[in-house]
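Below are the chains, spelled out letter by letter.
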4 protein chains.
Amino acid sequence: MKQEEQRATILGSDAAWPPWRRRLHEVIFEADTKAGLIFDAGLLLAIVASMLVVMLASIERFNTEYRSALDTAEWFFTGLFTVEYVLRLASVRRPWRYATSFFGVIDLLSILPTWLGLFLHGAQSLMVVRTLRLLRAFRVFKMANYLVEGHVLMVALAKSRTKILVFLTAVLCAVVIAGALMYVIEGPENGFTSIPVSMYWAIVTITTVGYGDISPHTPLGQAIAALMMVLGYGVIAVPTGIVSAELAEAGRAESAAHAPVNSQHCPDCGLDRHDSDARFCRRCGHSLHT
Amino acid sequence: MKQEEQRATILGSDAAWPPWRRRLHEVIFEADTKAGLIFDAGLLLAIVASMLVVMLASIERFNTEYRSALDTAEWFFTGLFTVEYVLRLASVRRPWRYATSFFGVIDLLSILPTWLGLFLHGAQSLMVVRTLRLLRAFRVFKMANYLVEGHVLMVALAKSRTKILVFLTAVLCAVVIAGALMYVIEGPENGFTSIPVSMYWAIVTITTVGYGDISPHTPLGQAIAALMMVLGYGVIAVPTGIVSAELAEAGRAESAAHAPVNSQHCPDCGLDRHDSDARFCRRCGHSLHT
Amino acid sequence: MKQEEQRATILGSDAAWPPWRRRLHEVIFEADTKAGLIFDAGLLLAIVASMLVVMLASIERFNTEYRSALDTAEWFFTGLFTVEYVLRLASVRRPWRYATSFFGVIDLLSILPTWLGLFLHGAQSLMVVRTLRLLRAFRVFKMANYLVEGHVLMVALAKSRTKILVFLTAVLCAVVIAGALMYVIEGPENGFTSIPVSMYWAIVTITTVGYGDISPHTPLGQAIAALMMVLGYGVIAVPTGIVSAELAEAGRAESAAHAPVNSQHCPDCGLDRHDSDARFCRRCGHSLHT
Amino acid sequence: MKQEEQRATILGSDAAWPPWRRRLHEVIFEADTKAGLIFDAGLLLAIVASMLVVMLASIERFNTEYRSALDTAEWFFTGLFTVEYVLRLASVRRPWRYATSFFGVIDLLSILPTWLGLFLHGAQSLMVVRTLRLLRAFRVFKMANYLVEGHVLMVALAKSRTKILVFLTAVLCAVVIAGALMYVIEGPENGFTSIPVSMYWAIVTITTVGYGDISPHTPLGQAIAALMMVLGYGVIAVPTGIVSAELAEAGRAESAAHAPVNSQHCPDCGLDRHDSDARFCRRCGHSLHT
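All residue numbers refer to position in the chain's written sequence, counted from 1. Whichever chain is written first becomes A and whichever ligand is written first becomes 1, with later ones labelled in order. Local features in this predicted model are restricted to residues whose pLDDT is 70 or higher, and side-chain atom pairs enter the listing and the counts only when it is 80 or higher, whereas totals over whole chains, interfaces and linings include all residues. Where side-chain values are given, they derive from all heavy atoms of the structure, hydrogens and water being excluded.

Asker: Help me understand the overall build of chain A in this model?
Answerer: Starting at the N terminus, helices and strands are each numbered in turn, a helix being any DSSP run of H or I of at least four residues and a strand any DSSP run of E of at least two. From N to C terminus, chain A includes 14 helices and two strands. Here the term buried applies to any residue with accessible area under 20% of the maximum for its type, exposed to any over 50%, and partly exposed to those in between, with areas from a 1.4 Å probe on protein chains only. Evaluated residue by residue, chain A yields a buried proportion of 48% over its 290 residues. Taking contacts inside chain A between residues at least 6 apart in sequence as the whole, the part at least 24 apart equals 55%. Here chain A displays about 14100 Å² of accessible surface, and carbon together with sulfur accounts for 69% of that area. Residues are treated as being in contact if the distance between any of their heavy atoms lies within 4.5 Å. Accessibility throughout is a Shrake-Rupley quantity obtained with a 1.4 Å probe, and a residue counts as covered only by protein chains that appear here.

Asker: Looking at this structure, how should I read the interface of chain A and chain B?
Answerer: How large an interface is tends to be reported as the accessible area lost when its parts come together. Tallying the contact residues gives 41 residues for chain A and 40 residues for chain B. Once two parts are joined, some of their accessible surface, as seen by a 1.4 Å probe, is lost; buried area is that loss totalled over both. With both sides pooled, the region where chain A packs onto chain B buries about 3600 Å², and carbon together with sulfur makes up 76% of that total. Only one rule defines a salt bridge in this text: a Lys or Arg side-chain nitrogen within 4 Å of an Asp or Glu carboxyl oxygen. Run the count over chain A and chain B and you get zero salt bridges. N or O atoms closer than or at 3.5 Å make up a polar contact, with two conditions inside protein: a donor-capable atom paired with an acceptor-capable one, and, for residues adjacent in sequence, both atoms drawn from side chains. Run the count over chain A and chain B and you get five residue pairs in polar contact (both at pLDDT 80 or more). When residues of the side of chain A that touches chain B are traced back to their parent elements, those giving at least two are helix 3 (34-58), helix 10 (144-159), helix 11 (161-185), helix 12 (195-206), helix 13 (219-235) and helix 14 (237-256) of chain A. The dominant element in the side of chain A that touches chain B, judged by the number of residues it contributes, is helix 10 of chain A, at seven residues.

Asker: It is not clear to me how the relation of the copies chain A and chain D should be interpreted in this structure. Could you clarify?
Answerer: When chain A is fitted to chain D, the residual RMSD is 0.2 Å, and the transformation amounts to a turn of 180 degrees plus an axial shift of 0.0 Å. Each copy turns onto its partner about a two-fold axis. Of the residues that chain A buries at the interface, 100% are likewise interface residues in chain D, meaning the two copies contact each other through the same surface. A residue counts toward the fit only if its pLDDT is at least 70 in both copies, and the copies are then superposed by least squares on the C-alpha atoms of those residues.

Asker: Honestly, the pattern of salt bridges in this entry has me stumped. Any pointers?
Answerer: Between side chains of opposite charge, a pair can form as their charged atoms come close. Residue and element names in this part refer to chain A. Taken as a whole and assessed by the stated rule, the structure comprises eight salt bridges over all chains. Of the charged contacts, one joins R88 and E84 as a salt bridge, the two residues approaching to 2.6 Å between their closest N and O atoms. Taken together, the positions of R88 and E84, both in helix 5 (residues 67-91) and four residues apart, correspond to about one turn of that helix. This pair shows no difference in class: R88 is buried, exactly as E84 is.

Asker: What is the right way to read the relation of the copies chain A and chain B from this model?
Answerer: Both copies of the chain are related by one operation, a rotation about an axis with a shift along it. When chain A is fitted to chain B, the residual RMSD is 0.1 Å, and the transformation amounts to a turn of 90 degrees plus an axial shift of 0.0 Å. The superposition operator between the copies reduces to a four-fold rotation axis. When you check the interface residues of chain A against chain B, a mere 17% turn up at the interface there too, and the two sides of the contact use different surfaces.

Asker: For this particular structure, what's the right way to read the interface of chain A and chain D?
Answerer: Tallying the contact residues gives four residues for chain A and four residues for chain D. Here chain A meets chain D over a buried area of about 160 Å², counting both sides, of which 22% is carbon and sulfur. The interface formed by chain A and chain D includes zero residue pairs in polar contact (both at pLDDT 80 or more). A per-class count over the side of chain A that touches chain D returns one nonpolar, three polar and no charged. In this classification, Asp, Glu, Lys and Arg are treated as charged, Ala, Val, Leu, Ile, Met, Phe, Trp, Tyr, Cys and Pro as nonpolar, and every other residue, Gly included, as polar.

Asker: Is there a simple way to explain the packing of helix 2 (residues 19-29) of chain C against helix 3 (residues 34-58) of chain C in this structure?
Answerer: A pair of packed helices is characterised by two quantities: the angle between their axes and the separation of those axes. Residue and element names in this part refer to chain C. Two elements in contact, helix 2 and helix 3, have axes whose closest approach is 6 Å; the angle formed by their N-to-C orientations is 50 degrees. Taken together, the axes of helix 2 and helix 3 lie oblique to each other. Along the contact surface, helix 2 presents E26, V27 and I28, while helix 3 presents A35, G36, F39 and D40. Grouping the constituent residues of the contact of helix 2 with helix 3 by class yields four nonpolar, one polar and two charged. Angles run from 0 to 180 degrees between N-to-C directions of axes, and those axes are lines fitted to C-alpha atoms, restricted for helices to the stretch in contact. We call two directions roughly parallel when the angle between them is under 35 degrees, roughly antiparallel when it is over 145, roughly perpendicular when it lies between 65 and 115, and oblique otherwise.

Asker: Got a minute to help me understand the side chain of A:E186 in this structure?
Answerer: All names here are of chain A. Mapping E186 onto the fold places it in the loop between helix 11 and helix 12. At 2.9 Å, the side chain of E186 and the side chain of N190 are in polar contact. When sequence neighbours within four positions are dropped, the list of residues in contact with E186 reads F192, P216, H217, T218, G221 and Q222.

Asker: Before we go on, may I ask you to explain helix 7 (residues 102-109) of chain B in this structure?
Answerer: Residues lying three or four places apart along an α-helix face the same way, a consequence of the helix completing one turn every 3.6 residues. Residue and element names in this part refer to chain B. Residues of helix 7 that are buried include every one of G104, I106 and D107, and no others. One face of helix 7 carries all of its buried residues, which in axial projection span an arc of 165 degrees. At its buried positions, helix 7 is contacted by helix 5 (67-91) and helix 6 (95-99). To be clear, the arc concerns the directions from the helix axis to the C-beta atoms.

Asker: Whenever I open this one, the environment of D:D213 confuses me. Can you help?
Answerer: Here D:D213 lies in the loop between helix 12 (195-206) and helix 13 (219-235). D:D213 sits in the partly exposed class, given a relative accessible area of 35%. Taking C-alpha positions, D:D213 is 8.8 Å from D:W201, a pair spaced twelve residues apart along the chain. Setting aside chain neighbours within four positions, we find D:D213 in contact with C:S215, C:P216 and D:Y200. Here D:Y200 takes part through its side chain, which lies 3.4 Å from a polar atom of the side chain of D:D213.

Asker: Any chance you could explain the nonpolar core here in plain terms?
Answerer: Most often, soluble globular proteins keep nonpolar side chains buried together rather than apart. Take the buried residues of types Ala, Val, Leu, Ile, Met, Phe, Trp, Tyr and Cys, join any two whose side-chain atoms come within 4.5 Å, and each joined set is a nonpolar core. Formed by 144 residues in total, the largest nonpolar core has its most connected members in A:W201, B:W201, C:W201 and D:W201. If sequence neighbours within four positions are ignored, D:W201 has contacts with B:Y211, D:M182, D:F192, D:I214, D:S215, D:P216, D:A225 and D:M228. In this structure, D:I28, D:I47, D:L70 and D:Y85 belong to the second largest nonpolar core, which totals 15 residues.

Asker: Explain a nonpolar patch on the surface here, please?
Answerer: Residues and elements named next belong to chain A. Patch membership is restricted to residues that have no salt bridge and whose relative accessible area is over 30%. Joining uses 9 Å for like charges and 5 Å for the nonpolar side chains Val, Leu, Ile, Met, Phe, Trp and Tyr. Side chains of W75, V105, L108, L109, L112, W115, L116, L118 and F119 sit close together on the surface and give an oily, nonpolar patch of about 810 Å² of accessible area. Mapped by element, the contributors of at least two residues to the nonpolar patch are helix 7 (102-109) and helix 8 (112-116). Take W115: its relative accessible area is 35%, and that puts it in the partly exposed class.

Asker: I tried to follow unusual backbone geometry on my own but got confused; where do I start?
Answerer: Residue and element names in this part refer to chain B. In this model, T208 sits at a positive phi of 65 degrees, which is unusual for a non-glycine residue. Tracing the chain through its elements places T208 in the loop between helix 12 (195-206) and helix 13 (219-235). Among the residues examined, T208 registers a relative accessible area of 6% and is labelled buried.

Asker: Before we go on, may I ask you to explain helix 11 of chain A in this structure?
Answerer: Residue count minus one, scaled by 1.5 Å, sets the expected span of a helix. Taking 1.5 Å of rise per residue, 25 residues should cover 36 Å, and helix 11 of chain A covers 35 Å from first to last C-alpha, within 8% of that figure. A:G187, located one to two residues past helix 11 of chain A, shows a positive phi value of around 80 degrees.

Asker: Is there a simple way to think about the packing of aromatic side chains in this case?
Answerer: How two aromatic rings sit relative to each other is given by the distance of their centres and the angle of their planes. Put simply, two rings from Phe, Tyr or Trp (the six-membered ring, in Trp's case) pair if the centres are within 6.5 Å, and we call them stacked under 30 degrees between planes, edge-to-face over 60, tilted for the rest. In total, this model carries 24 aromatic pairs over all chains according to the counting rule given. Residues D:Y85 and D:Y98 carry aromatic rings whose centres are separated by 6.1 Å and whose planes lie at 45 degrees to one another, so their mutual orientation is tilted. Of this pair, D:Y85 sits in helix 5 (residues 67-91) while D:Y98 sits in helix 6 (residues 95-99), and the two are 13 residues apart along the sequence. This pair shows no difference in class: D:Y85 is buried, exactly as D:Y98 is. Geometrically, the ring pair formed by D:F192 and D:W201 is edge-to-face, given 5.2 Å between the ring centres and 70 degrees between the ring planes. As far as burial versus exposure is concerned, D:F192 and D:W201 are alike and both buried. Ring pairs connect the aromatic residues A:F76, A:F77 and A:F81, which therefore count as one cluster.

Asker: So what exactly am I meant to see when it comes to the side chain of C:S58 here?
Answerer: Along the chain, C:S58 falls in helix 3. Engagement of the side chain of C:S58 in a polar contact is seen with the backbone nitrogen of A:I195, the distance being 2.7 Å. Only 2.6 Å separates the side chain of C:S58 from the backbone oxygen of C:M55, close enough to count as a polar contact. Those residues in contact with C:S58, other than ones at most four positions away along the chain, are A:Y183, A:T193, A:S194, A:I195 and A:P196.

Asker: Quick question: what am I supposed to make of the packing of helix 2 (residues 19-29) of chain D against helix 5 of chain D here?
Answerer: All names here are of chain D. Relative orientation of the contacting elements helix 2 and helix 5 amounts to 130 degrees, with a least axis distance of 8 Å. For the element pair helix 2 / helix 5, the angle class is oblique. Every pair of crossing elements has a handedness; the one defined by helix 2 and helix 5 is left-handed. Mapping the contact onto sequence places R21, L24, H25, I28 and F29 in helix 2 and L87, R88, A90 and S91 in helix 5. Crossing handedness is defined as follows: a turn of the near helix away from the far one that is anticlockwise and smaller than a right angle gives a left-handed crossing, while the clockwise case is right-handed.

Asker: Explain the environment of B:F39 here, please?
Answerer: All names here are of chain B. Along the chain, the position of F39 falls in helix 3 (residues 34-58). Sequence separation between F39 and E189 is 150 residues, and the spatial gap between their C-alpha atoms is 59 Å. When near neighbours in sequence (up to four residues on either side) are disregarded, F39 contacts V27, I28, E84 and R88.

What follows is the structure, given as structure tokens:
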């Protein structure tokens, strides 16, 4: 109780953001209090369970046999997520900022299809957008450890961005040229029905996926395909080399400065990932509880 | 003989663990005496031979032609492994600890199916669990050299565990999203009969396996598949980069401190991998022979 | 105006290369003045649009339905590129040098097929050569940043050239040997109709593309194929390791000397990539505008 | 002439190895005199040409149309290689040592099939062994540059041998276990006709080749296959990481001591790759010409 008052003093009194909404924000958006962790874990479970319902409903046999049970489960989860969405809107200080944020839009999109399904036929198939909510899983794993590791990966990828872009442009040119060439050589009678289809084949080949739904049949086409594969084989080394070199560098830098990280979520502007000794949000200056 | 007495003095006299069981333990569990090495090599041969029998029995033609010979061989190996299992139980100081250890459970499981086959029809097919005994092969290769190399690999993998977990979670999210998307776009008429099947296709594609049993047929589906492949192509670089960087680090650390290793197996608690100058187990303090 | 005169003084007066051609050269060949950047971006757009027309024309349905529209678009782009080609010839100081350069030949080849199509039937299919013009895309991205990154990639690849050549020769030998072997083992009845076809299969397998249009059916053939795959799996590590090691080195060297780069195009000899403080071409000594 | 005499003095007089055989040895086995280089290049051309003849003969259409021409060519090359083999035997000091060496056996095997074909029907198909002669190609590229690079690759691979062996054993265990499991789950009705065939499928899958000739059809089988692919995807990182780390180390060591290498072939014991200042073979002490 005392701690509670102390925090209130730090935060200052704020007519537009009464204590009950602050408490709610703490439970719903934070993952470092006990109540917050339980809420997040429960939410993740609900997301996974609702995904399983969507998956089962997509299987013909289940859909016909357990129709009513699946429908009930779907409406149950839609109701749950609708309540959660309203609570989220209520708890944040600036609802509009949340509603237009990445997760705000996804949260809305994940409940809309079921509601729209009442008026529009076929809207339910849009429910797959709910899968994007899985990205919230990363919040539960929000221990400093995972954050740092994920951060190292991100930094390494961001640093190699330019190199990878140059590389992808080169690959794209190769795909267009190879696709056009094979369309002329193999032609529609061997499955290369148009240049876009040939390009699809070129990507399937150069990435070594190799479905085999389209494959060269003329000797010249096979020779060119073989050449492409060997080149692709050598070329696969390039992005790997780029990321390896960057990660080795990042690893060295990381061990030098192993800064601790704090997973607080600013109640005002929503900024994540503050330093562990931060008492105020570094973007909007709003106080954080500690 | 004298060496034998000397060892007895070091080990001390122990009513619950008479010398003949100690000798047996040495032969069965150790690989650094001559008798122990011969036992382990012979056991490995028996395991491989029994595996070959199971394999041959799975081939229709052999099963019908050489039925009785295969049955005889199977009972021979089951008998051999049963005797070995009893001897193992007899030789260790705490049989229960062995019986509940990883290899203890596998050793039991590898003989049970044949015995159960007497009462239950079809239990023989469980005999494939015997393949897990192949892991004992690593004991025969237990020269310090291999232990160190395997250890470096393990440490590098363990250190990159968190990074790889973050990476796999991201890949899983991508697979769920891509699977749901392709189910909506391609639909059951193109082989994407349900979301789980679509996810299976997404994994087959992103890992560049590409069976071709399911493949996109609509232009939009092919475009999304092509995008996935190119992303997967760039993404394959990430785990490679992680392990490369970690191994490079490990290699540097390893060459710094090339500690010799000893492959003794503690007769009391079963701990493996002691330092080369260890005379007592570092976990339970029981004396080791040297 | 004044800047213009100053430049003229630097360049010196030159009867064979009057100011209007210099201005034209600046617009067409340079990407660092505003006019030049607009020209290059517009050209890239025209190339991409003309490529899309060629692609659409290759799709049966579009070709029959929108025949006249596609024909018009094709002649429009051919006209545009013809004008551009003539302007390029007019603006450079030594037209012959441009006409015989890599891009000069491609620029000519990309307009020839449509003109030849008037006399020769089927020449249009050669229009795919126009895809090579996409390589001009790199000119638009010619900001110092991309140049440096691409340069690091190029240097790393050039340095590993010998190692990769040795590696490819070894792979080629393996492919010939495996192809010949599988032709003898599997034979024409299992799809291995000749040694060249077997070699095509070997390349498809060793690069892990795996179409499945040809696959071994005899037990011995499958065993050899499995061996090849495992070897190929280990072998894929080699080029990756080579490029990784080289890029790590290059990364270190790059951060040491981060030399700025200048994307000027020498009006006399056409040399690209001068140092940022260069006022004269380092190959032919012709002055560059700054 | 004078140089010749000088060399004779160094080599000493030797009744069993008269000068004409020494000259022959120099031409046939060395690649650093002009005559030797011409001989090796000519030989390589003959090998490639004879390979092409074997390849063309394997194509049904060519075999029936140009039968006599192909037969003539085959006998021509067999004659050529027979003469070469006899000359090789004549020129070396210890013919038996050459005849039992790796290349000696291959040289013999590459001419035997045609001769045997006179008595035995079908022996000609063994002619594919001739492909192994392509390995001689490396002799022509025997410039110090390639030798060093190939050597770095070899050393890096040799050093990672133990790690790669541990890795391959682990992969083999996984293949056996997965093969046995899938045989039980999918069964013969889905193409997994026996455990060896299941293992073949497991290798095709884990190496990401993915022919699709055998693929899981039951939901459980597909789930296990998906798990295997994801694991294999993570696992492909391991050998790459090993070789990368080793090559990076080798690269550092190489730049430190860039020792020049000499491609002489000892006329007595056949040892290759002497140091550049070597005047005597480091194995048998025989003098080398310089």
